[in-house]
Amino acid sequence: MSDTDVVVVGGGHNGLICAAYLARAGVATMLVEARDTVGGCASTVSDLDARFNICSCDHTLVRAMPFMDDLDLAAHGLRYLEADPATVYMSYDGSPPWLFFNDSERTIESIGRHRPSQAAAYRRYLDDARPVAELSLEMSTGPASTPRMLARLLARRGRGGVRLLQWSRASALDVMRSYFDDEAVVMPAMSNGPTIWGAPPDAPGTGMAGMLFAMRHMVKTGRPVGGSGALTDALAASFIAAGGRLSCGTPVVGLLGDGRGVRGVRLVDGTEVVAGAVVATCDPAPVATHWLAEPHRARARRFVGRARSQAPGDGYQSKIDAVITDIPRYPALEGSALLDLFEDRDPAQSNFVISPSAEDLAEAHRLRPLGRVAERPTMMANAPSVLDPSMRSRDGHHVLSLEALFTPYNLEGGWEGSAEPARWLKLWSSLLQPGFLDSIDRYRTMTPDRYERELFLARGYTPSYAGSPLASLFGRRPELSRYRAPVPGLFLSGAGTYPGAGIWGASGRNTATAVLRTLR
């Protein structure tokens, strides 16, 4: 195959962002994707005569990134709708829900309807958390370096810096309980933070979850018209318009090189693509352990050794996609003093998060390595077609997404024929209007084994950067926070690098900057 300057491996949103920036800078760039289409976990796929998002339909941090304008994504068809309130937080214990609005004052009003003392605490929390969120967002918008990050701290006269370092060492539970004494306000931060990351909420280092509510007040949550995949479709169009070459259905099985450097990739059919540099946006661990030739340099050997000593990740999230003939309604919300806060908006437009108690979540973590699902798992439910009618099925019905955590890769008894998905539906429907289960016309279940088969995620695991901003500040695991592997010609990007997890895209943009600096 013809030579190219840079090969980007992986067509998720980070790979597409990196490739589009490189192509726009005049670099001959080829992106290779194992699946038949781009998008990765940000995709929207067709099934059951409907379209479903592979993962969450809500985008937040990605909307704060400059590539929205840099890559002309609006010109390539990307448009967002905003649900407000964005989220309804509920508990299994029947306590009153509360609403998260883009506007902090409206959120405080929602909390105060049932929890006046927590509303006052939320205001104190925001006073402390906003500087941390602002600093964290600033630090993510460029390649991490110790001088650059210290300069950010000095420019802000340290505002937010001390607390950022404190929260980087603390646990999420400790941070949130230092402000709130009502678990109905504490546990949603666990559901949107450590639980999504696969970490226990009492683990040191998870405390940065404390800034999540503040961050979401800074950056409005939105949903791309037509589904999450509209983002990656626009990115692919921007990349191609800039002269980039896209090759789907071409899995990579190895890197070209002799251990002293990387000079391209080898595809599953034996084709070799020679390039001056390779950007791998998939899980960094198998790249180091399975694709890379035995390195010669000591730093490179340490990089491979760290990857080999790292336990392989297991997928822990499942999702039910359904076509429904009725809209889900929650009596705990419909009959509460909160309903008027929706004004003229349908409550079903929002994302609903059902959080277990701290004790139930601890039990979920205990059961996970045993291959069992907790009696009351963390669940997230939304009907994206209520806000976005273009998401309706071909026969005009609404679509539903129901996510469940933790659902282990090695489920006891196996996933084939398991009664677990039907149990989640029954459990969730117990919070809804009577008879809702009868409105489920058809559904499919995405479990970790299916994510492995269909999205090329080993053991159904989606990697995420495990380090904190503190770790990035001091350059620990520099191959992940600085994007350059200690092997000439190899760069690492994606959710396994800083800042990772979720639909963010900062690492894709930052990696492009690192590659361009090296090429120049």
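From a predicted model like this one, the values you see are computed outputs, not experimental measurements.

A.B. asks: Can you break down the overall build of the chain residue by residue, with the values?
C.D. replies: A tally of helices and strands in the chain yields 21 helices and 18 strands. Relative to a compact globule of 520 residues, whose C-alpha radius of gyration would be 24 Å, the chain shows 22 Å and is just as compact. Of the roughly 19,900 Å² that the chain leaves accessible, carbon and sulfur atoms contribute 50%. When the 55 positive and 55 negative side-chain charges of the chain are each reduced to one mean point, those points stand 8 Å apart.

A.B. asks: Describe in detail helix α3 (residues 104–114), supporting the description with residues and values.
C.D. replies: What sets the pattern is the α-helix's 3.6 residues per turn: residues three or four places apart point alike. Looking only at α3, the buried set comprises S104, T107, I108, S110 and I111. One side of α3 holds all its buried residues, which, seen down the axis, span an arc of 155°. In this structure, the buried side of α3 is in contact with β7 (98–100), α4 (116–140) and α10 (212–218). Between a side-chain oxygen at the N-terminus of α3 and the backbone nitrogen of E105 the separation is 3.2 Å; the capping residue is D103.

A.B. asks: Describe the side chain of Q118, naming the residues involved and giving the relevant values.
C.D. replies: Looking at the element boundaries, Q118 is found in helix α4. With residues near it in sequence (within four places) discarded, Q118 still touches I111, F180, D181, D182 and V185.

A.B. asks: Residue-level account of empty space enclosed by the protein, with values.
C.D. replies: Under the criterion given, the structure shown has 6 cavities of 30 Å³ or more. Taken together, P328, Y330, A348, S350, F352, A381, N382, A383, L400 and W428 form the lining of the largest cavity. Residue classes in the lining of the largest cavity are distributed as 8 nonpolar, 2 polar and no charged. Approximately 40 Å³ is the volume found for the second largest cavity. Around the second largest cavity sit N53, C57, R223, P224, G227, S228, P384, D388 and M391, which together line it. Per-class residue counts for the lining of the second largest cavity are 4 nonpolar, 3 polar and 2 charged.

A.B. asks: Before we move on, could you go through the state of the cysteines and cite the residues and values that matter?
C.D. replies: Tallied over the entire structure, the rule returns 0 disulfides. Of the cysteine sulfurs around C18, a residue in no disulfide, the closest is that of C282, at 13 Å. On the basis of relative accessibility, which here comes to 0%, the residue C18 falls in the buried class.

A.B. asks: Which residues make up the pairing of strand β1 (residues 4–9), and what values go with them?
C.D. replies: Within a regular strand, side chains alternate between the sheet's two faces. For β1, the tally of buried residues reaches 5 of 6 residues, placing the bulk of the element in the interior. In terms of strand pairing, β1 meets strand β12 (residues 272–280) through 5 bridges, oriented parallel. Residue pairing in the sheet places T4 in a bridge with A275 of β12. The pairing of β1 with strand β2 (residues 29–33) spans 4 bridges and is classified as parallel. Across the sheet, V8 pairs through a bridge with L31, a residue of β2. At this point the chain moves from β1, through helix α1 (residues 13–24), to the parallel β2, and the crossover so formed is right-handed.

A.B. asks: Kindly report on the side chain of K319, identifying the contributing residues and their values.
C.D. replies: Here K319 shows up in strand β13 (residues 317–324). Relative accessible area serves as the criterion here: at 1%, K319 is assigned to the buried category. Among the polar contacts listed, one links the side chain of K319 to the backbone oxygen of N53, at a separation of 2.6 Å. In this structure the side chain of K319 is engaged in a polar contact, spanning 3.2 Å, whose partner is the side chain of S401. Sequence-distant contacts of K319, defined by excluding residues within four places in its chain, comprise N53, I54, C55, S401, L402, E403, R444, T445, M446 and Y451.

A.B. asks: I'd like to hear about the packing of aromatic side chains, residue by residue, with values.
C.D. replies: For the coordinates displayed, the defined rule picks out 17 aromatic pairs. Geometrically, the ring pair formed by Y122 and Y125 is tilted, given 5.5 Å between the ring centres and 50° between the ring planes. With a gap of 3 residues between them, Y122 and Y125 both fall in helix α4, about one helical turn apart. Summarising the burial analysis for this pair, Y122 and Y125 share the class buried. Summarising the aromatic geometry, the rings of W415 and W424 are spaced 6.0 Å apart at their centres and angled 70° between planes, so their arrangement reads as edge-to-face. Counting every residue linked through ring pairs, the aromatic cluster contains Y89, W98, F100, Y122, Y125, W167, Y179, F180 and F213. If you follow R216 out to its NZ or CZ, it ends over the ring of F100, 4.3 Å from the centre.

Reading guide: rules and limits
- Each chain has its residues counted from 1, running along the sequence as written.
- The model is predicted, so local features are restricted to residues of pLDDT at least 70 and side-chain atom pairs to those at 80 or more, both for listing and for counting; the totals for chains, interfaces and linings are taken over all residues.
- Side-chain measures were taken over the full set of non-hydrogen atoms in the model, leaving aside hydrogen atoms and water.
- Counting from the N terminus, the helices are DSSP H or I runs at least four residues long and the strands are E runs at least two residues long.
- Taken over C-alpha atoms, the radius of gyration is set against a globule rule of 2.2 Å times the number of residues to the power 0.38.
- Each accessible area is a Shrake-Rupley result for a 1.4 Å probe, and residues are judged covered by the shown protein chains and nothing else.
- A residue counts as positive if it is Lys or Arg and as negative if it is Asp or Glu; His and the chain ends are not included.
- Here the site of a charge means NZ on Lys, CZ on Arg, CG on Asp, or CD on Glu.
- Accessible area is worked out with a 1.4 Å probe on protein chains only. A residue is then buried under 20% of its type maximum, exposed over 50%, and partly exposed in between.
- Within this analysis, the arc is defined by the directions that extend from the helix axis to the C-beta atoms.
- Between two residues, a contact is recorded if the distance between any of their heavy atoms is within 4.5 Å.
- Any N or O atom pair separated by 3.5 Å or less is treated as a polar contact, with the protein-specific requirement of one donor-capable and one acceptor-capable atom, and with residues adjacent in sequence counted only for side-chain atom pairs.
- The definitions used throughout rest on a 1 Å grid laid over the protein atoms alone, on which a cavity is an enclosed set of points accommodating a 1.4 Å probe that cannot get out and a pocket is an open set flanked by protein within 12 Å on both sides along at least five of seven lines; lining residues are those having an atom within 4 Å of a point.
- Grid points are joined across faces, edges and corners, and a volume is the space filled by probe spheres set on the points.
- Amino acids outside the nonpolar list (Ala, Val, Leu, Ile, Met, Phe, Trp, Tyr, Cys, Pro) and the charged list (Asp, Glu, Lys, Arg) are all regarded as polar, and Gly is one of them.
- Counting rule for disulfides: a pair of cysteine sulfur atoms within 2.5 Å.
- Note: two strands are recorded as paired if DSSP finds a minimum of 2 bridges between them.
- Here a crossover is taken to be right-handed if, once the strands point away from the viewer, the path from the first strand over the helix to the second is traced clockwise.
- When two rings of Phe, Tyr or Trp (its six-membered ring) have centres within 6.5 Å they constitute a pair, described as stacked for plane angles under 30 degrees, edge-to-face for angles over 60, and tilted for the intermediate range.
- Placement of a charge over a ring requires the Lys NZ or Arg CZ to be within 6 Å of the ring centre, with the centre-to-atom vector within 35 degrees of the ring normal.

The quantities given are spatial measurements derived from coordinates; they are silent on function.
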